[in-house]
Every structure is written in C-alpha cells, then in structure tokens.
Amino acid sequence: MRKSTGVFLVAILVVSIFNYLDRSIIGILQEPIKREFGLTDLQLGLLGGPAFAFLYIIMGLPFGRLAERLNRVSLIAGTFAFWSIMTMLCGAAANYISLIAARAGVSIGEAGASPSAHSIIADRFPPEKRPGALAIYTSGISFGSLLAALAGGSIAQTLGWRASFYMLGGAGLLCAAIFWLLIPEAPRSTRSEDTPSFDQAIRHFAARRDLWHVALAITAGATLSLSTVQYLTSYFIRTHHLKLGDAVLHVALIAGVAGAIGTYCGGFIGNRLSKVNPGAPAAAVSWAYLCAAPVFLAGVLVPNPTTSTALLMLSTALQTSYFGPGFAAMHDTVTPRMRATGVAILLIVSNLIGYGFGPPLVGAMSDYFSRTLASGAGFAQHLCGTGSWLRAACDSPQAGGLQWALCLVTAFNFWGCYHFRRIASYRGGLFGKASPSAGVAPRAPEQPIA
C-alpha cells in the first residue's frame, strides 16, 4: 500500500509540474517574444493572464462536475495530452494573436487536471494527512517554475524560444500516456448516485462564509504569485542587466527551490498543527504572509542580484506556505462528491482575479511608471534627484517602472493575511474554538448532503 501511495504521489506530482510548467513558460520566454513581436508590458500581461484565464475559468466547472461521476485518471490523462499539444502549437505562433489562441488552448486542457487530482487525493488520504498530500501535489507549481526556468531558458538560449515550446510540450505528451497506463482510479467513498446536484453544490458554497474566506485567501495567494513570477525574468534582465541564461537561474532558485520548500513546509507543518487545532495551520499562514511583505520589498529594491535573490527566496518560501493548509480547509468542509466541484469553484475565483487581474495590472503599472520615469514628470522629479538611492532605476525607466509595479503587489500579502486569519477564527486556530457564527464542525461528514 505504501509503495502504491508513493507511486501515486510521484505521478500526480508530475501532472502538477507540467500543468504549471506549460502555463508559466511564457514568463520565462517573454523577453525574446516581446522583442520579436514588438509588445508592451501590458500586452505581455494580457498574454500571461486573461489569454490563459478566460477559458480556464469557463471550463473549470464542467470538468469539475465530470470528475464527480467519470473516471478521473482518464480525465487527467486526456486533458494532459491536449494541453501538451497546445503548448507545442505556441511554438508555431506566427504573431501575437495566434500565440493568444494557442495559450487559450493550453488553458482548456489544464482546466481539467486540478479538480480530478484534488478529488483523487481526498479519496486516498484521511483528513489529517491531506495537508501534506496536497502540499506534494501543489509543489508542482514550484517544480514547474524550476523546470520552466532551467529547461525552458536553456533551450531558448541555445535553440530559440520556439524550440522550448516544442520540446516541453512533447515531453508532456509522453508523460500523459505513462500516467494513463500506470495509475488506477481510486475507490470513491460514496456512490455516484450520492453526487449532489449542481444547484445543491452552489447553494452549499454560497451559504458557507468559511468557504468564501478559503476562496478569497487562495485567490490572494494566487494573485500574489502569478503577478510576480511572470515578471521575475524580466526584472533580472532589466534591473540587474543579466542575460536570459543567467536570469533564469535566479528565477529557478526563487520560484522553484524556495517555492517548493515553502509549499512542503506549509503542508507538513499544517499536518502537525491540525492535530492540535484545526484552525492552527491557517493562523500560521497568516503570520507567514505578514512577514513576507517587507522581505519582498527589500528583495525588489536592493541593487545586488545575489542579495535580491536571497531575499526573494525567503519571501517566496513564506508566501507559498498557503497551498496545503488552504486547500485542506476546503476539503474538510465539503462532502466527498463535492470536492472536485469545490476545487473548480475555488479555481474559478482565484484565476478570475489571479490571472485575469494580476499580470495585466503589473504590466499596466510598469508601463505607466516607465513612461513617468522617462519623462521625469510628477513623482519622478522627487525620486530621481542627484544622490537619490533610486537613481539607477531612474536611468533605466523600464527597469524602474517594473520595480515600482512589483513593490505595489505586496498589498496582496495583507489581503491574504486577513482571510487566513478569518479561516483560523472559524476553525478555532486563533481563539481555541470555532466561531459560533460559522456553524461549522472541525471536519465535514463523509456522507452526501441532504
């Protein structure tokens, strides 16, 4: 049993890695894409955000409902193969519009993976072990970022950015076939007939204030990470004047290594804390978010790339601790046949804001601040005087504009902190008992709702 569990966790981790690799590779390659197609930072933000998010949001709920009734392994394998093919088509894009179309195709496939994966994980692991299992699955985000930076950046440096899409998409197609052949469907804890109707599921979520806090907490974390990761490579190239091959190594350490450490630590610490108090993991994440904000600001503003990387690694590790405790809180408050639908709803909310709002916002702010610094107007007159410690940013407006945009993103830390503290309050992590207004038990009953 232990061996099969290990094989399952490795296989589902590979799915998660490629799920994030194929969506985040655009951030690694966006500087050469920008030069070839003549794009602005706002256009890059639209490419990394809404171009992906629109169909991802629309398709998430139908895939979630299918996962409640159909074979989840087949759903994962089929959608995995589809988004890998669409990733390869990104490499064949002739212009900005065709690249947007290929990105939309990637989003359709990727929308089918997470609801089924979360549903299988919840059926294979008891509540006290779910934060750790979910942390392993969601650490694919960090490993995907690491692979995107190292493999994607290396291939692009040698063979061009199009080759990165071709080769990584082809590798994903092979892994999809292996996953389908290797992993059996997990037994469900309830019958298919016990699946709540769509109306029941929506009413259940709408009525639960604790679930809305979970959704908004995860949304804050997603917006924070998606708004920064896409622009990290550009940040190191513009601010620290690194070549693409060197810049992606720094990004790999920040988004990959530090992200994986934070995700694992958040999950496994959450396992231990949840045995003491069901709300304690969320309370710990809220403190991590508060501590991460000043560290991130310092990392963006320091002039040395090595120091910047070290500080951004620390802030990333703190910020990525939310994955396991956040999704585990959702699984613990819904019934088994609602988990895939629940994940789909969470992903709709988090991606609508995270992808649809975050990257374009950073791109628009970067363009605005770049123009302001270049013209020397407004606040730039006060910040760019002789002897100012921001003089270097003023001399390179595109670098300075992106720095200021990234600094403003730290506001999402405080948003996430508030909602994780509310989750902890509902579940007893702050005050020793659940909030009387929450109307929630520490664990959801493993039975269908009426």
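To be clear, the structure that these remarks concern was listed above.
What counts, and at which threshold
Per chain, residues are indexed from 1 in the order of the written sequence. Two thresholds apply to this predicted model, a pLDDT of at least 70 for residue-level local features and 80 or more for giving and counting side-chain atom pairs, whereas whole-chain, interface and lining totals are computed over all residues. No hydrogens and no water enter the side-chain calculation; it runs on all heavy atoms of the structure. The helix and strand labels rest on DSSP assignments: H or I over at least four residues marks a helix, E over at least two residues marks a strand, and numbering proceeds from the N terminus. Between buried and exposed lies partly exposed: a residue is buried under 20% and exposed over 50% of the maximum accessible area for its type, with that area taken using a 1.4 Å probe on protein chains only. In what follows, a contact means two residues having at least one pair of non-hydrogen atoms within 4.5 Å. Expected helix span is taken as 1.5 Å per residue step, with the number of steps being one fewer than the number of residues. Polar contacts, as used here, are pairs of N or O atoms within 3.5 Å; protein pairs need one atom able to donate a hydrogen and one able to accept it. Residues neighboring in sequence count only if both atoms are side-chain atoms. When a carboxyl oxygen of Asp or Glu is within 4 Å of a side-chain nitrogen of Lys or Arg, the pair counts as a salt bridge. Ring pairs shown here join Phe, Tyr and Trp side chains whose ring centres sit within 6.5 Å, with only the six-membered ring taken for Trp; geometry is labelled stacked below 30 degrees between planes, edge-to-face above 60, and tilted in between. Note on geometry: a ring has a charge over it if NZ (lysine) or CZ (arginine) is within 6 Å of the ring centre and within 35 degrees of the ring normal. Every patch collects residues that have over 30% relative accessible area and no salt bridge, joining them within 9 Å if they carry like charges and within 5 Å if they are nonpolar side chains (Val, Leu, Ile, Met, Phe, Trp, Tyr). Per-residue and other accessible areas follow the Shrake-Rupley method at a 1.4 Å probe size, with only the shown protein chains counted as cover for residues. Axes here refer to lines fitted to C-alpha atoms; in helices the fit is confined to the stretch in contact. Angles between the N-to-C directions go from 0 to 180 degrees. Here the word oblique covers every angle except those under 35 degrees (roughly parallel), over 145 (roughly antiparallel) and from 65 to 115 (roughly perpendicular). Note on convention: the crossing is left-handed when the near helix lies turned anticlockwise from the far helix by less than a right angle, right-handed when the turn is clockwise. For this classification, the nonpolar set comprises Ala, Val, Leu, Ile, Met, Phe, Trp, Tyr, Cys and Pro, the charged set comprises Asp, Glu, Lys and Arg, and every other residue, Gly included, is treated as polar.

Asks: Quick question: what am I supposed to make of the overall build of the protein chain here?
Replies: Check the secondary structure of the protein chain and you find 21 helices and zero strands. By residue count, 60% of the 450 residues in the protein chain fall in the buried class. Excluding contacts between residues fewer than 6 apart, the proportion of contacts in the protein chain whose partners are at least 24 apart in sequence is 83%.

Asks: Would you mind showing me how to read helix α4 (residues 72-90) here?
Replies: For an α-helix, the turn length of 3.6 residues means that residues three or four places apart are oriented alike. Counted at 1.5 Å a residue, the expected span for α4 with its 19 residues is 27 Å, and the 27 Å between its end C-alpha atoms agrees. When α4 is considered as a whole, its buried residues turn out to be Arg72, Val73, Leu75, Ile76, Ala77, Thr79, Phe80, Trp83, Ser84, Met86, Thr87 and Cys90. Between the side-chain oxygen at the start of α4 and the backbone nitrogen of Val73 there is a gap of 3.1 Å, and the oxygen is on Asn71.

Asks: Just to check I follow, could you spell out the pattern of salt bridges for this structure?
Replies: Any two side chains of opposite charge can pair if their charged atoms end up close together. Under the criterion given, the structure shown has seven salt bridges. Ionic pairing is found between Glu185 and Arg72, a salt bridge with its closest N-O pair at 3.2 Å. You can see Glu185 sitting in the loop between α9 (161-182) and α10 (198-207) and its partner Arg72 sitting in helix α4, a full 113 residues away along the chain. Exposure remark for Glu185: the relative accessible area of 25% places this residue in the partly exposed category. Where salt bridges share partners, they join Glu31, Lys34, Asp41 and Arg238 into one cluster.

Asks: Would you mind showing me how to read helix α21 (residues 411-427) here?
Replies: Between its first and last C-alpha atoms α21 spans 25 Å; for 17 residues at 1.5 Å apiece the expected length is 24 Å, and the two agree. Among the residues of α21, Phe412, Asn413, Gly416, Cys417, His419, Phe420, Ile423, Ala424, Ser425, Tyr426 and Arg427 are the ones counted as buried. Taken together, the buried residues of α21 touch α11 (209-239), α13 (280-301), α14 (305-319), α15 (323-331) and α17 (358-375).

Asks: Sorry if this is basic, but what is going on with the packing of aromatic side chains here?
Replies: One pass over the structure, following the stated rule, counts eleven aromatic pairs. On the numbers, 6.0 Å between centres and 85° between planes, the contact of Trp161 with Phe165 is edge-to-face. One end of the pair, Trp161, and the other, Phe165, are both in helix α9, four residues apart, so they sit about a helical turn from each other. Here the two residues Trp161 and Phe165 agree in accessibility, since each one is buried. Taken together, Phe18, Phe80 and Trp83 form an aromatic cluster joined through their ring pairs. Taking NZ or CZ as reference, Arg124 lies 4.4 Å from the ring centre of Phe8, over its face.

Asks: Please explain a nonpolar patch on the surface as it appears in this structure.
Replies: A cluster of nonpolar residues, Val7, Leu174, Ile178 and Leu182, forms a patch on the protein surface that exposes about 360 Å² of accessible area. A total of three residues in the nonpolar patch trace back to one element, the largest contributor, which is α9. When you line up the elements, Val7 lands in helix α1 (residues 2-37).

Asks: Help me understand the environment of Gln157 in this model?
Replies: Position of Gln157 among the secondary structure elements: in helix α8 (residues 140-159). With relative accessibility at 45%, the residue Gln157 sits in the partly exposed group. Placed 125 residues apart in sequence, Gln157 and Pro32 show a C-alpha to C-alpha distance of 9.8 Å. Those residues within four positions of Gln157 in sequence are excluded, and the remaining contacts are Leu244 and Gly245. From its side chain, Gln157 meets the backbone nitrogen of Gly245 in a polar contact 3.3 Å long.

Asks: Help me understand the environment of Ala11 in this model?
Replies: Assignment of secondary structure puts Ala11 in helix α1. Residue classification places Ala11 among the buried residues on the basis of a relative accessible area of 10%. As for Ala11 and Cys175, which are separated by 164 residues in sequence, their C-alpha atoms are 9.0 Å apart. Contact partners of Ala11, with chain neighbours within four places excluded, come to Phe179 and Ile183.

Asks: For this particular structure, what's the right way to read unusual backbone geometry?
Replies: One non-glycine residue, His241, lies in positive phi territory at about 55°. By the secondary structure assignment, His241 is in the loop between α11 and α12 (244-276). On the basis of relative accessible area, His241 is assigned to the exposed category, the value being 62%.

Asks: Help me understand the packing of helix α7 (residues 130-138) against α15, please; the structure alone is not making it clear to me.
Replies: In a packed pair of helices, the relevant descriptors are the angle between the two axes and the axis-to-axis distance. As a packed pair, α7 and α15 sit with axes 8 Å apart at the nearest point and diverge in direction by 125°. Taken together, the axes of α7 and α15 are oblique relative to one another. Viewed along their axes, α7 and α15 form a crossing whose handedness is right-handed. The residues of α15 that touch α7, namely those facing Arg130, Pro131, Leu134, Ala135 and Thr138, are Phe323, Gly324, Phe327, Ala328 and His331. When the residues that make up the contact of α7 with α15 are grouped by side-chain class, the tally is six nonpolar, three polar and one charged.

Shape is all these values report; function is a separate question.
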